[in-house]
Amino acid sequence: MGMGRLPENLRPVTTPSDPTSRKRLHGILGALFLGALLLGAGPGIFLINDYAAAGGMILGMPALYTWAVGWCAVEAVIVLIAYLKVWRHES
Amino acid sequence: MVDLGRTPLVVLALYMVMLLVLGVMGYLRSKTSEEDYYLAGRGQGVLVTVLTIMATFFSSAAMMGIPGLIYRDGTAFLFFALNLPVSGAIIYLLGSRIRRMGQRRGYVTPADMIADYYGGSRVLRLLVALVGFLYVIPYIVMQIKAGGYLAQRLFPDAEVLTLLGRDYGAFELGTIALSILTMAYVLVGGMRSVAWTDVIQGILLLTGMLVAGLATVVALGGVGAYFEELTKLPAAARSMPGVSGAWSPWKLLTICIFASLATMIQPGQWMRYYAAKSTQTLKRSALIFAVVLPGCFLFGVMVVALGAHALYPPAMVDGVLMPHPAIGVSPGEFDQVVVAMLQEHVPLLLGATLGTIAVAVILVSVMAASMSTADSNLHALSAVLTRDVYDRFVRPQASERERAWFGRGVIVVATLLSLWLVGLGKSNADFQPLALIGSLMFVAIAFSCQLLPLALDCLFLRRGTPTGAIAGMISGIMVVFLFTPFPTLIFGEDITATWTGITRTLGRLFDIGFCGFVVNATVFALVSRFTEKLPSDHVKKFAAEMES
């Protein structure tokens, strides 16, 4: 079944030409960004702190360093998607 | 330490001449109007906008204060970098609305817009100007101080000059040179000169950050060896809350959200949104900022600071956390980590000539970081005091020419005041407000954060009342004031002991600006509920212009 035949509410948000889809995508990206902040710089650090204190490494780097770099990259990618899919189409 | 000889002096001289040339070019292109002096005719394109926003954002804190905190505390403070994409997003989300209204209604300062929305409130205009002042002065002080530190490092054998019974060593001469030069090109060319010099300074700064990180990794034997070295960090430096115990996740989270917002709505940045050519300019600037800056931070200066922690670990001396003697000799000298590391390792790595030139260029980029923030803040303060105070309350009948001269006078007085405060801090070790660049930065940002509830209400919510806004701001400013050492200096330790205990606890848990924001926003909302609303047609008209 082609994408065009899916009901409106089930279609993936890939064409942000109409304001409603853009608004929805903006909301989703905003929530993801907040989630990245909570996990990256907020209480999410507790998930890895003990491992980091014990000298744990991720990808050959100290765990906390990788954690910070990773979540920062996630935030930057979200901003990039927001620019490409939402902001660019706003007047 | 490797002797850099006269190379830094030559590089510094070239850099300073280039700034002055740009200052004069800005002057030649300028028109006589106030709007041109403060906003460069509202026509700045993407390159200038993004680099001037970055350069204003990256103060001496970026090259000294923040690496200093990472050197002191280890990986815990790395999470500060997560505020950079937040700040980038703010450039578009808030900046585009601010720009649109500025363009339509001819606003120049933040207070122009806020006071206009809240029915032309004169009290509110003064409060917004006060917040601008409270943000700008510590920030200028911080930049000038960094110039002094840098001069001390670059010219350790400089002779002490005695003038009118006072001694002027490398620190004092460095602060004076940075202040005078910055003041000169801001005075001459206004926003155009500031923005153009920011372009050069921004490029220097970004390059300097990355080269510094690269040099450190190479000096330690490559990427693998660098991270191997980091495994030797003590447990406290590898985890939260860091060696000094200062960084809880909640504190870092509130810094990443509220300090970012506060920094991006401080007067200098706010005026850059007005000055942008179009919304498209701000969209692109937001993207570049959010993607480029975290890379420069995480793979640049932060790498240097962490490497330094592994090589030259700080140690407790008589109960006080002190930098390694190779970095500094007092708790206030953690800030010198990038400078000390580069001076030590780069010449050994690249050879005497090339290494010395590279170090000199990177050290000049540290100076660029300071100057690019000092110039923007001086320029913004001039606009704020001229338009929001002098023009409204002192001499409303003043001509544009008179206002321009008053604005230039503000720049001179603010520079001299900041220079005097730096001298006071240097000569009095007990004068704690000037102790560490990093802590000074958070106090300044906290004051700016008190503009946030009003900005959010004015740009998005539009439910507040003028009385609510005034009550909220006064409460927020007072709360932030309680976090500074000033209440103890003014009222004495006995009277303020309880407050100091509370603020210390809160300050350990959260960002100071966030604490002020919570009180500010709560008071704003409560008072707005019971006080006279703005006329609905005024609010609707404002909203329509903003949304269209």
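Please read these numbers as outputs of a predicted model, since none were measured by experiment.

Enquirer: Any chance you could explain the overall build of chain B here in plain terms?
Expert: Regarding its fold elements, chain B presents 24 helices and four strands. Compactness check: chain B gives a C-alpha radius of gyration of 23 Å against a globular reference of 24 Å for 548 residues, within 12% of the reference. Residues counted as buried form 62% of the 548 residues belonging to chain B. Considering only intrachain contacts with a sequence separation of at least 6, the fraction spanning at least 24 residues in chain B is 85%. Counting every atom, chain B has about 19,900 Å² of accessible surface; 67% of that belongs to carbon and sulfur. Here chain B carries 38 positive and 32 negative side-chain charges, and the mean point of each set is 11 Å from the other.

Enquirer: It is not clear to me how the overall build of chain A should be interpreted in this structure. Could you clarify?
Expert: Each helix and strand in chain A was counted, giving three helices and two strands. Each helix and strand of chain A, ordered N terminal to C terminal, gives the series α-α-β-β-α. Classification of the 91 residues of chain A by burial places 38% in the buried group. Residue pairs in contact within chain A that sit at least 24 positions apart in sequence constitute 46% of those at least 6 positions apart. As displayed, chain A offers around 5,100 Å² of accessible surface, 68% of which is attributable to carbon and sulfur atoms.

Enquirer: Before we go on, may I ask you to explain helix α4 (residues 60-73) of chain B in this structure?
Expert: In an α-helix, one turn spans 3.6 residues; hence positions three or four apart end up facing the same way. Residues and elements named next belong to chain B. In this model, α4 (14 residues) spans 19 Å end to end at C-alpha, consistent with the 20 Å of a helix rising 1.5 Å per residue. Within α4, 14 of the 14 residues are buried, which leaves it mostly tucked inside the rest of the structure. Phi for Gly 74, located one or two positions after α4, is positive at around 85 degrees.

Enquirer: Looking at this structure, I do not really get the packing of α4(B) against helix α16 (residues 352-394) of chain B. What am I missing?
Expert: Pairs of packed helices are described in terms of their axes, by the angle between the two and the distance that separates them. Residue and element names in this part refer to chain B. Orientation of α4 relative to α16, taken along the N-to-C sense of each, is 105 degrees, at an axis distance of 6 Å. Considering the angle they form, α4 stands roughly perpendicular to α16. Judged by residue contacts, Ser 60, Met 63 and Met 64 of α4 engage Ser 365, Val 366, Ala 369 and Ser 370 from α16. For the contact of α4 with α16, the residue count by class is four nonpolar, three polar and no charged.

Enquirer: Looking at this model, I keep getting lost on the pattern of salt bridges. Mind explaining?
Expert: Note that side chains of opposite charge can pair when their charged atoms are close. Residues and elements named next belong to chain B. Per the stated rule, a full pass over the model turns up 14 salt bridges over all chains. Salt-bridge contacts for Arg 42 lead to Glu 35; the nearest nitrogen and oxygen are separated by 3.2 Å. Across the salt bridge formed by Glu 547 and Arg 462, the nearest N and O atoms sit 2.9 Å from each other. Of this pair, Glu 547 sits in helix α24 (residues 536-547) while Arg 462 sits in the loop between α19 (452-461) and α20 (466-483), and the two are 85 residues apart along the sequence. Each of Asp 112, Arg 125, Arg 387 and Asp 388 takes part in salt bridges that share partners, so that together they form one network.

Enquirer: What am I meant to see in the interface of chain B and chain A here?
Expert: Put simply, an interface is often sized by how much accessible area is lost when its parts join up. On the side of chain A, 36 residues touch chain B, which itself brings 37 residues to the contact. Carbon and sulfur atoms make up 79% of the surface buried where chain B meets chain A, a total of about 3,100 Å² over both sides. Applying the counting criterion to the chain B and chain A interface returns zero salt bridges. Linking chain B with chain A are seven residue pairs in polar contact (both at pLDDT 80 or more), by the criterion used here. Elements with a minimum of two residues in the side of chain B that touches chain A: α5 (83-93), α10 (223-230), α11 (235-238), α12 (249-264) and α14 (279-311) of chain B.

Enquirer: Explain helix α17 (residues 400-427) of chain B here, please?
Expert: Residue and element names in this part refer to chain B. Here α17 contains 28 residues, and its C-alpha end-to-end distance of 41 Å stays within 8% of the 40 Å for a straight helix at 1.5 Å per residue. Looking at α17, one finds that the buried residues are Arg 403, Gly 407, Arg 408, Val 410, Ile 411, Ala 414, Thr 415, Ser 418, Leu 419, Leu 421, Val 422 and Gly 425. Next to the buried residues of α17 lie α2 (34-39), α8 (122-154), α9 (170-219) and α16.

Enquirer: So what exactly am I meant to see when it comes to the packing of helix α7 (residues 110-117) of chain B against helix α13 (residues 267-275) of chain B here?
Expert: Residue and element names in this part refer to chain B. At a minimum axis distance of 9 Å, the contact between α7 and α13 shows a crossing angle of 80 degrees. It follows that α7 is roughly perpendicular to α13 by the angle criterion. Along its contact with α7, which presents Pro 110, Met 113 and Ile 114, the element α13 presents Pro 267, Trp 270 and Tyr 274. When its residues are assigned to classes, the contact of α7 with α13 shows six nonpolar, no polar and no charged.

About the cut-offs
Residues numbered from 1 in each chain as written. Chains lettered and ligands numbered in written order. Predicted model: local features only at pLDDT ≥ 70, side-chain atom pairs only at ≥ 80, totals over all residues. Heavy atoms only, no water. Helix = DSSP H or I, 4+ residues; strand = E, 2+ residues; numbered from the N terminus. Rg over C-alpha atoms; globule rule 2.2 N^0.38 Å. Buried < 20%, exposed > 50% of the residue type's maximum accessible area, 1.4 Å probe, protein only. Contact = heavy atoms within 4.5 Å. Areas by Shrake-Rupley, 256 points an atom, 1.4 Å probe, with all protein chains shown as cover. Lys, Arg positive; Asp, Glu negative; His and termini not counted. Charge placed at Lys NZ, Arg CZ, Asp CG, Glu CD. Expected span 1.5 Å × (residues − 1). Axes fitted to C-alpha atoms, helices over the stretch in contact; angles between N-to-C directions. Parallel < 35°, antiparallel > 145°, perpendicular 65-115°, else oblique. Nonpolar A, V, L, I, M, F, W, Y, C, P; charged D, E, K, R; others polar. Salt bridge = Lys/Arg side-chain N within 4 Å of Asp/Glu carboxyl O. Buried area = accessible area lost by both parts, 1.4 Å probe. Polar contact = N/O pair within 3.5 Å; in protein donor to acceptor, adjacent residues only side chain to side chain.

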